[in-house]
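Reading the structure
Each chain, letter by letter, is given below.
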Amino acid sequence: MALWQQAGLWGLLGGSALVIGAALACLVDLPRRVTAGIMAFGCGVLISAVAYDLLLEGYHQASIRPIVVGALAGSAAFALANRAVSRKAPHRKRSGEQQLEAGEGGGLAIAVGSLLDGIPESVVLGVSLVGGDGISVAMLAAIFLSNLPEGLSSAAGMRKAGRGKTYVLGLWTGIALMSGIASALGAGLLGDAPPEVIATVGAVAAGALLTMIADTMIPEAVEVEGGMTGVLVVMGLLVAFTLSQGGQGG
């Protein structure tokens, strides 16, 4: 199987968590604290994967300059794009009835916003295969554990805003497929790229993902979960750090 095909399947697996989360929202009415707790844990996992699998690895491949430039560019790009999307769907990750404010075009804005969240991480997942060391378990776990509460929370809000199950599941299935395509493109287009380019791409994604965590995921978790958010974030970070080290160091 070609490398880009493998990347596409891994990206699809990571994106499938969105569909699983959306399906759970359609089948059961989970307490918002449960969703927020999963989201907080996923934040910690994602922060660790970004720091060690993207920034530190990129620094070892290249130098500090592409890391700094790429991360700042990714952060600024996400912040600007998220601001534009949030004008139409300011509560796109909320599980309550806040999504009623989005109006008729809110579903599209939520989809665009989720692609905005998911494309950088999917591209990175594909790029992680380029070095020939196999898939990054920590990054895959981070993507899955961050996508699950995102799909659950957003889909629950969409259901309370009056959108049908077919619409909700179809929307998230489409986004999961786009995640697979983004991962395949990441591996296919960057397979022969020099280390500096790969490091820069990873840094751009890292900046975008960290900004996404700060702007959208943690505020939702703190609003609902409250005092335990920090503890859950730390737990997620430690689990991901352990996975990324592969048990090294005894």
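Residues numbered from 1 in each chain as written. Predicted model: local features only at pLDDT ≥ 70, side-chain atom pairs only at ≥ 80, totals over all residues. Heavy atoms only, no water.

Once that is clear, we can look at the UniProt feature "transmembrane region" (unreviewed entry) in the chain. The UniProt entry lists residues 35-55, 67-85, 166-191, 197-214 and 226-244 under the feature "transmembrane region" (unreviewed entry), expressed in the numbering used here. End C-alpha to end C-alpha, residues 166-191 measures 37 Å, and it is 96% helix and 0% strand. Here residues 226-244 is 84% helix and 0% strand, with 28 Å between the C-alpha atoms at its ends. (UniProt positions renumbered as here; feature names shortened; annotations may be inferred. Helix = DSSP H or I, 4+ residues; strand = E, 2+ residues; numbered from the N terminus.)

Take the environment of Asn82 next. Along the chain, Asn82 turns up in helix α3 (residues 64-86). With relative accessibility at 8%, the residue Asn82 sits in the buried group. (Buried < 20%, exposed > 50% of the residue type's maximum accessible area, 1.4 Å probe, protein only.)

This part covers the nonpolar core. One finds Leu46, Leu54, Leu125, Met139, Met212 and Met217 to be the most contacted residues of the largest nonpolar core, which totals 30 residues. Secondary structure elements with two or more residues in this core: α2 (32-61), α4 (106-127), α5 (137-160), α7 (195-225) and α8 (229-245). Beyond its immediate stretch of four places on either side in the chain, Leu54 contacts Ala49, Val124, Met139, Gly202, Ala206 and Leu209. Cys26, Met158, Leu171 and Trp172 belong to the second-largest nonpolar core, a separate cluster that totals 11 residues. (Core = buried A, V, L, I, M, F, W, Y, C linked by side-chain atoms within 4.5 Å. Contact = heavy atoms within 4.5 Å.)

To continue, consider the confidence of the model for the chain. Counting all residues, the mean pLDDT for the chain is 80, and 86% of those residues have values of 70 or more. Scored below 50 in pLDDT, residues 98-107 shows 27 contacts in the model against residues more than four places distant or in partner chains. (pLDDT = per-residue confidence, 0-100.)

Turning to the side chain of Ser183, a few remarks are in order. Along the polypeptide, Ser183 turns up in helix α6 (residues 165-190). With sequence-adjacent residues up to four places away left out, Ser183 is seen in contact with Ala7, Gly8, Gly11, Ser122, Val123, Leu125 and Gly126.

Two numbers describe how α3 lies on α7: the axes approach to 6 Å, and their chain directions differ by 40 degrees. Between α3 and α7, the angle falls in the class oblique. Relative to α7, α3 is oriented so that their crossing is right-handed. Seen from α3, the contacting residues are Pro66, Ile67, Gly70, Ala71, Gly74, Ser75, Phe78, Ala79 and Asn82; seen from α7, they are Glu196, Ala199, Thr200, Ala203, Val204, Gly207, Ala208, Thr211, Met212, Asp215 and Thr216. Per-class residue counts for the contact of α3 with α7 are 10 nonpolar, 8 polar and 2 charged. (Axes fitted to C-alpha atoms, helices over the stretch in contact; angles between N-to-C directions. Parallel < 35°, antiparallel > 145°, perpendicular 65-115°, else oblique. Left-handed = near helix turned anticlockwise from the far one by under 90°. Nonpolar A, V, L, I, M, F, W, Y, C, P; charged D, E, K, R; others polar.)

Relative to the helices and strands, Gly186 is located in helix α6. According to the relative accessible area criterion, Gly186 is buried, its value standing at 4%. For the pair formed by Gly186 and Ser128, sequence separation is 58 residues and the distance between their alpha carbons is 8.9 Å. When residues no more than four places from it in sequence are discounted, the contact partners of Gly186 are Val123, Gly126 and Val127.

To continue, consider the packing of aromatic side chains. Tallying each qualifying case throughout the model produces 1 aromatic pair. For the pair Tyr52 and Phe241, a centre-to-centre distance of 4.9 Å together with 55 degrees between the ring planes defines the contact as tilted. Here Tyr52 is found in helix α2, whereas its partner Phe241 is found in helix α8, with 189 residues between them in sequence. Judged by relative accessible area, Tyr52 falls into the partly exposed class, the value being 34%. (Phe/Tyr/Trp six-rings, centres within 6.5 Å; stacked < 30°, edge-to-face > 60°.)

Looking now at helix α1 (residues 3-27). With 25 residues, α1 ought to run about 36 Å at 1.5 Å a step, and its terminal C-alpha atoms sit 36 Å apart, in line with that. Taken as a whole, α1 carries its principal kink of about 25 degrees at Gly14. Regarding α1, the residues found buried are Ala7, Gly8, Gly11, Gly14, Gly15, Ala17, Leu18, Gly21, Ala22, Ala25 and Cys26. (Expected span 1.5 Å × (residues − 1). Bend = angle between axes of the 7 residues up to and from the residue.)

So, on to a nonpolar patch on the surface. Taken together, Ile20, Leu24, Leu27, Val28, Leu30 and Val34 make up a surface patch of nonpolar side chains, about 480 Å² in accessible area. In terms of residues, the nonpolar patch owes the most to one element, α1, which gives 3 residues. Relative to the helices and strands, Ile20 is located in helix α1. In this structure Ile20 comes out as partly exposed when scored by relative accessible area, which is 40%. (Patch = residues over 30% accessible without salt bridge, like charges linked within 9 Å, V, L, I, M, F, W, Y side chains within 5 Å. Areas by Shrake-Rupley, 256 points an atom, 1.4 Å probe, with all protein chains shown as cover. Salt bridge = Lys/Arg side-chain N within 4 Å of Asp/Glu carboxyl O.)

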